[in-house]
Amino acid sequence: MYKGSIYIETFGCQMNTADTERAATGLRAAGYQLTQQAEDADVVLFNTCSVRARAEQKVFTRIGEVRRGAKEPLIGVMGCVAQLEGETIFAQAPSVRLLVGTRATDRLPTLIEQARAGARRVIDLGERQAGEEWAVSPAERRSKHVAFVPIIEGCNKFCTYCIVPYSRGRERSRPAVEIVAEIERLRELGYSEVHLIGQNVNSYRPKTESGLEGHTGATPFARLLRAVAATGIPRIKYTTSFPRDFHTDIVQAMDEHENLCNWIHLPVQSGSDRVLRSMRRGYKVSDYLARVEAIRGAKRRYALTSDIIIGFPGETRKEFKDTMRLVEQCQFDSLYIFKYSKRRGTPAAKLADIVSDNEMAARFVELEALQKEIQAQIFSAYVGQTVSVLVAGESTRSTVDVTGHTTCNKVVNFPGDVSLIGRIAPIRVTGAKAHSLYGERCEI
Ligand code: SF4
């Protein structure tokens, strides 16, 4: 029975995108129609992100815009901001009548019913219930070729600058049998690439061994990688990995299976042991370098990418230089550099000795320039090589080019048309730009 139209606007990370896909699955099954326009909708949901204060503010701006529209939809806030801020959202944005936490996505249809039946305020910030599904209907997936598959949610690490353990709760791993079955279904549907996602995928630790048979001495994540590789899906990528839990058996599993793509994202955050301790990351620079050495010693070349936070409270000029040295040593294929931004509710927010905006900006420019040099060398080494590109769509910068990703997660543009979308094409690289490669189709 048709119950009305729903618009969902998603902010933030891949986990939020995956949650939106799952929410849409449940809502459609309950009789709702998903719409792409907020103005047409009976219900408008904002799936929110709290990692940065700015993303949080943007949600309130959007709520105001929707409220001023011609129709008066039921407005709900779901995701991290709902979980963290709770009822204060009702006070801050009185037009919001529904709050749905990060583990209550599957209960959305019932919660919406309650609000539409007249309840003034509906709020569910509870835990995931036994038997609730992680599965997503193919119809709700954003792409017909690349699928996000959550394998773990939450985080137990409590880095001092991060709000995620508070918004997403403790780590919960999805049963391996379920993950493998979902990927088998995706392969049958013609998907070429899956991304195993989670705040820390390599902290994967399911309650049962089921689906992880074989390689019993290895860590659960390495065993999961082997099980997923055995489905035969052409490409498997995973993000994000936590350095302390990145054991050598992960690289061994990747070396054994070519469909485990040659890309590893391993956020280091700082090159100073003191700063890492203050961030409560749980590893030292030497531990991180040992992981990099294992990756570099592997049978294949793995593209290695990372995240750095500069200007963490108390970071001295010398400690920043230690980070520069680490970046030089690691030779990352790309690097996401973040200026430290204070997050209310985290232990780091109470730290003194704030790095000034000017100093932060100067460090950013310095690190960016170093990474640019490293990246230019790495990217130019691809010229003349043939890479395999999964075509995602038309290029936004040219009317004659299409764009896609390599197995090492580099963007490649090349002349082609929309008929190639979804196909894996061999591309000879003819040029390298700062953040992408350019090439031409070739036969192999
Ligand atoms: S590992 Fe640290 S940075 Fe990553 S989600 Fe957990 S607390 Fe946040």
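Because the structure is a prediction, the values reported are computed rather than measured.

Asker: Residue-level account of the overall build of the protein chain, with values.
Answerer: Of regular secondary structure, the protein chain possesses 13 helices and 19 strands. Here the C-alpha radius of gyration of the protein chain, 23 Å, is about what a compact globule of 444 residues would show, namely 22 Å. With the C-alpha coordinates of the protein chain rotated into their principal frame, the extents come out at 60 × 55 × 50 Å. Going through the 444 residues of the protein chain one by one, you find that 56% of them count as buried. The long-range share in the protein chain, meaning contacts at least 24 apart out of those at least 6 apart in sequence, stands at 71%. Carbon and sulfur atoms make up 51% of the accessible area of the protein chain, which amounts to about 19,600 Å² in all. Across the protein chain, the 61 positively charged side chains and the 52 negatively charged ones have centroids separated by 3 Å.

Asker: Now, about the pattern of salt bridges: what can you tell me, with residues and values included?
Answerer: Summed over the entire model, instances satisfying the criterion amount to 38 salt bridges. The closest approach of N and O atoms between Asp322 and Arg325, which form a salt bridge, is 3.2 Å. Placement of the pair is Asp322 and Arg325 together in helix α12 (residues 317–330), with a separation of three residues, close to one helical turn. On the basis of relative accessible area, Asp322 is assigned to the buried category, the value being 12%. Arg363 is paired through a salt bridge with Glu359; the nearest N and O atoms lie 2.7 Å apart. With Arg363 and Glu359 both in helix α13 (residues 357–380) and four residues apart, the pair spans about one turn of that helix. Linked by salt bridges that have partners in common, Asp19, Arg22, Arg103, Asp106, Glu127, Arg128, Glu153, Arg168 and Arg172 make up one network.

Asker: Mind laying out the sheet that holds strand β7 (residues 146–150), listing which residues take part and the relevant values?
Answerer: The strand order across the open sheet built from three strands is β7-β10-β11, with neighbouring strands paired in parallel fashion. Here the strands that pair on one side only, and so sit at the sheet edges, are β7 and β11 (235–239). In this sheet, adjacent strand axes meet at a mean angle of 25° when their direction is disregarded. As paired elements, strand β10 (residues 193–197) and β11 share five bridges and run parallel to each other. Looking across to β11, one finds that Ile197 is bridged to Thr239.

Asker: I'd love a proper account of the side chain of Thr102, names of residues and values included.
Answerer: Here Thr102 lies in the loop between β5 (96–100) and α5 (108–116). A polar side-chain atom of Thr102 sits 2.9 Å from a polar atom in the side chain of Arg103. Sequence-distant contacts of Thr102, that is, excluding residues within four places in its chain, are made with Gly79, Cys80, Gln83, Ser167 and Arg168.

Asker: Residue-level account of α12, with values.
Answerer: In this model α12 runs 20 Å from its N-terminal to its C-terminal C-alpha over 14 residues, within 8% of the 20 Å that 1.5 Å per residue would give. Burial in α12 covers these residues: Glu319, Phe320, Asp322, Thr323, Met324, Leu326, Val327 and Cys330. For α12, the elements touching its buried residues are α10 (273–278), α11 (285–296), β13 (303–310), β14 (334–339) and α13. The positive-phi residue at the C-terminal boundary of α12 is Gln331, with phi of around 50°.

Asker: Run through the packing of α11 against α12, naming residues and quoting values.
Answerer: One way to put it is that α11 packs onto α12 with a least axis distance of 11 Å and a crossing angle of 15°. Accordingly, the angle class assigned to the pair α11 and α12 is roughly parallel. Along this stretch, α11 crosses α12, giving a crossing that reads as right-handed. Two secondary-structure elements touch here, α11 through Val285, Tyr288, Leu289, Val292 and Arg296 and α12 through Leu326, Gln329 and Cys330. Of the residues assigned to the contact of α11 with α12, the class counts are six nonpolar, one polar and one charged.

Asker: Summarise the side chain of Thr105; cite the residues concerned and give the values.
Answerer: Considering the arrangement of structural elements, one finds Thr105 in the loop between β5 and α5. Once residues within four sequence positions are removed from consideration, Thr105 is found in contact with Asp19, Arg22, Ala23, Met78 and Val100.

Asker: So what about the nonpolar core? Which residues, and what values?
Answerer: Among the nonpolar cores identified, the biggest contains 86 residues, and Tyr238 and Leu367 are the most heavily contacted of them. Looking at this core, the element that brings in the most residues is helix α8 (residues 220–229), giving seven residues. Shared between two domains, this core holds at least three residues of each, these being domain 2 (138–380) and domain 3 (386–441). Filtering out sequence-adjacent residues up to four positions away, Tyr238 remains in contact with Leu196, Val201, Phe221, Leu225, Phe246, Ile250, Met254, Trp263 and Ile264.

Asker: Account for the sheet that holds β5, naming residues and giving values.
Answerer: The sheet built from six strands is open, its strands ordered β2-β1-β3-β4-β5-β6 with parallel pairing. Looking at strand neighbours, the two that pair on one side only are β2 (32–34) and β6 (122–124), the edges of this open sheet. Taken pair by pair, the neighbouring strands of this sheet meet at an average axis angle of 25°, ignoring direction. Examined bridge by bridge, β5 and β6 share three bridges and lie parallel to one another. Residue pairing in the sheet places Leu98 in a bridge with Val122 of β6. The strands touched by helix α2 (residues 53–67) are β1 (4–10), β3 (43–48), β4 (74–79) and β5; relative to β3, the strand with the most contacts, the crossing angle is about 170°. Strand contacts of α5: β1, β2, β3, β4, β5 and β6, with the helix running at about 160° to β5, the strand carrying the most contacts.

Asker: I'd like a rundown of the pairing of strand β17 (residues 411–415), residues and numbers included.
Answerer: On any regular strand, side chains alternate: one points to one face of the sheet, the next to the other face. With five bridges connecting them, strand β16 (residues 401–405) and β17 associate as antiparallel partners. Bridged to His405 within β17 is Val411. The hairpin formed by β16 and β17 contains five residues between the paired strands, and Asn409 there has a positive phi angle of roughly 65°.

Asker: Describe in detail the environment of Val383, supporting the description with residues and values.
Answerer: By the secondary structure assignment, Val383 is in the loop between α13 and β15 (386–394). On the basis of relative accessibility, which here comes to 40%, the residue Val383 falls in the partly exposed class. Residues Val383 and Val418, spaced 35 residues apart in sequence, show a C-alpha to C-alpha distance of 25 Å. Excluding residues that lie within four positions of it along the chain, Val383 makes contacts with Val429, Thr430, Gly431 and Ala432.

Rules used in this analysis
Residues numbered from 1 in each chain as written. Predicted model: local features only at pLDDT ≥ 70, side-chain atom pairs only at ≥ 80, totals over all residues. Heavy atoms only, no water. Helix = DSSP H or I, 4+ residues; strand = E, 2+ residues; numbered from the N terminus. Rg over C-alpha atoms; globule rule 2.2 N^0.38 Å. Buried < 20%, exposed > 50% of the residue type's maximum accessible area, 1.4 Å probe, protein only. Contact = heavy atoms within 4.5 Å. Areas by Shrake-Rupley, 256 points an atom, 1.4 Å probe, with all protein chains shown as cover. Lys, Arg positive; Asp, Glu negative; His and termini not counted. Charge placed at Lys NZ, Arg CZ, Asp CG, Glu CD. Salt bridge = Lys/Arg side-chain N within 4 Å of Asp/Glu carboxyl O. Pairing = 2+ DSSP bridges. Axes fitted to C-alpha atoms, helices over the stretch in contact; angles between N-to-C directions. Polar contact = N/O pair within 3.5 Å; in protein donor to acceptor, adjacent residues only side chain to side chain. Expected span 1.5 Å × (residues − 1). Parallel < 35°, antiparallel > 145°, perpendicular 65-115°, else oblique. Left-handed = near helix turned anticlockwise from the far one by under 90°. Nonpolar A, V, L, I, M, F, W, Y, C, P; charged D, E, K, R; others polar. Core = buried A, V, L, I, M, F, W, Y, C linked by side-chain atoms within 4.5 Å. Domains from an automatic or database assignment.

Interpretation note: all reported values are geometric properties and have no functional meaning in isolation.
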